[in-house]
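Residue-level listing of the chains:
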Amino acid sequence: SITGACQAIQKLTRVRVVDNSALGNTPYHRPPKCIHVYNKTGVGKVGDKILLAIKGEKKKALIVGQKMPGPTMTPRFDSNNVVLIEDNGNPIGTRIKTPIPYTLRRREGEFSKLLAIARNFV
Amino acid sequence: RVSSDGKPPKFQPPPKPVIIDRKTQKEERRFLSPEFIPPRGRTDPLKYYLERKDMIQRRKVFNIPEFYVGHVLAVTTADPYASDKSKRFVGICIQRGGKGLGATFVLRNVIEDQGVEICYELYSPRIQAIEVLKLEKRLDENLMYLRDALPEYSTFDVNMKPVPRMDHEDIPVNKLQVRMKPKPWSKRWERPKYNIKGIKFELPEHKMKAAQKWSQPWLEFDMLREYDTSKIEEKIRKELREELEK
């Protein structure tokens, strides 16, 4: 049986790619999984970079929404959302329809291009 | 006016106005927010008294409307990272938790096919406004099963206009039976421990019977679990009345 999505994002969690890139949206017989979290602890929260395995390729991604409840006043999404990213931080897709938490705006320097693509903020 | 005799018409006093004293009527049906009632325990009641004083202070400055689980609320909070420094979120209240100043409520909405829940603290100074858009109680006090229900039951328009309330009397109870997504669910909502009446279970009979195995019918007769809040509530209501009249 398939268990429900786990709370915060760690190795081998299945994630949902949220932008409109080709890699994220073409169907494949295996869901995209996290293989490494770029963090001192192996647990990824919103705003952390992770390595995904999609369609047999390795791609970096940024966590934009998690199922685990965070600090109060921050949104909690019903699925672990992720946006595909290049090594230098540029997003691959051109639009992000799903809502993104306002807390990512704090790091405007790193994620400016990502925030520019995003449509809805929560 | 033309009179019959040429004399001024007889003075007729104006009819006495009928005064319906709504204040006394309202006070009988007063709503007491659940976070005022202190939990059962051995802590000093002084702590709860001081918390209540702070809560009343906050309520004098900022109006927290009466709302139950199942209401659709719009909350505007202050945020340094949002445009115009404030952000607005509309959602249905799923649960109200916490006691005292840490009282929270969770609002849920589905935006662009993505379910979003935000847990707000009632007495946080970051909250700028709470508006009740739709007044409606549900059959349960905890609507966490909406996570496993079809998304149409949690979608609410962000630009919804507040539904006008007719009576100042009863809050309507919505006896909606919600349809669920196929199992597995996050919690086994069919079990009698959750006592949910607002789901339309489309499970086969034998599964519903098997779930009743976990029923604990002796719990309602357990005297050690009783917590009678009527006297405490009366005291707190009196306190609130005195403080708010100052």
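Residues numbered from 1 in each chain as written. Chains lettered and ligands numbered in written order. Predicted model: local features only at pLDDT ≥ 70, side-chain atom pairs only at ≥ 80, totals over all residues. Heavy atoms only, no water.

Named according to an unreviewed UniProt entry, chain B is Large ribosomal subunit protein bL19m originating from Certhia familiaris. You can read under Sequence similarities (unreviewed entry) in the UniProt record for chain B the words "Belongs to the bacterial ribosomal protein bL19 family." In UniProt, chain B has this text filed under Subcellular location (unreviewed entry): "Mitochondrion". (UniProt positions renumbered as here; feature names shortened; annotations may be inferred.)

Under an unreviewed UniProt entry, the name given to chain A is Large ribosomal subunit protein uL14m, and the organism recorded is Certhia familiaris. We quote the UniProt Subcellular location (unreviewed entry) comment for chain A here in full: "Mitochondrion". As stated in UniProt under Sequence similarities (unreviewed entry), the record for chain A gives "Belongs to the universal ribosomal protein uL14 family."

Undergrad: Residues and numbers for the overall build of chain B, please.
TA: Assigned secondary structure in chain B consists of 4 helices and 7 strands. Against the compact-globule benchmark of 18 Å for 246 residues, chain B has a radius of gyration of 25 Å, which places it well outside the compact range. Across its three principal axes, chain B shows a C-alpha extent of roughly 90 × 50 × 45 Å. Classification of the 246 residues of chain B by burial places 35% in the buried group. Long-range contacts, defined as pairs at least 24 residues apart, comprise 65% of the intrachain contacts of chain B with a sequence gap of at least 6. As displayed, chain B has an accessible area near 17000 Å², and 52% of this comes from carbon and sulfur atoms. Averaged over its 50 positive side-chain charges, chain B has a centre that lies 1 Å from the centre of its 38 negative ones. (Helix = DSSP H or I, 4+ residues; strand = E, 2+ residues; numbered from the N terminus. Rg over C-alpha atoms; globule rule 2.2 N^0.38 Å. Buried < 20%, exposed > 50% of the residue type's maximum accessible area, 1.4 Å probe, protein only. Contact = heavy atoms within 4.5 Å. Areas by Shrake-Rupley, 256 points an atom, 1.4 Å probe, with all protein chains shown as cover. Lys, Arg positive; Asp, Glu negative; His and termini not counted. Charge placed at Lys NZ, Arg CZ, Asp CG, Glu CD.)

Undergrad: Please set out the overall build of chain A residue by residue, giving values where relevant.
TA: In terms of regular secondary structure, chain A is built from 2 helices and 6 strands. Sequence-ordered secondary structure for chain A, helices as α and strands as β, is β-α-β-β-β-β-β-α. Relative to the globule expectation of 14 Å for 122 residues, the C-alpha radius of gyration of chain A, 13 Å, shows essentially globular dimensions. Projecting the C-alpha coordinates of chain A onto the three principal axes gives extents of approximately 35 × 30 × 25 Å. Burial statistics for chain A: of 122 residues in total, 44% are counted as buried. Surface summary for chain A: the accessible area is close to 6400 Å², and the carbon and sulfur share equals 50%. Computing the positive centroid from 21 side-chain charges and the negative centroid from 8, chain A places the two 5 Å apart.

Undergrad: Any details on helix α2 (residues 108-117) of chain A? Residues and values, ideally.
TA: All names here are of chain A. If you check which residues of α2 are buried, you get Phe111, Leu114, Leu115 and Ile117. Taken end-on, α2 shows its buried residues confined to a sector of 140°, consistent with a single buried face. Exposed positions of α2 whose direction lies more than 90 degrees from the buried face are Gly109 and Ala116. The elements touched by buried residues of α2 are β4 (57-65) and β6 (81-85). (Arc of directions from axis to C-beta.)

Undergrad: Please provide a residue-by-residue account of the interface of chain A and chain B, values included.
TA: Facing the 18 residues of chain A at the interface are 23 residues of chain B. With both chains or domains summed, chain A and chain B bury close to 1800 Å², and 54% of this area falls on carbon and sulfur atoms. Among the residues of chain A in contact with chain B, Met73(A), Arg76(A) and Tyr102(A) are the three that bury the most area, contributing 40% of the side total. The tally of links from chain A across to chain B stands at 2 salt bridges. (Buried area = accessible area lost by both parts, 1.4 Å probe. Salt bridge = Lys/Arg side-chain N within 4 Å of Asp/Glu carboxyl O.)

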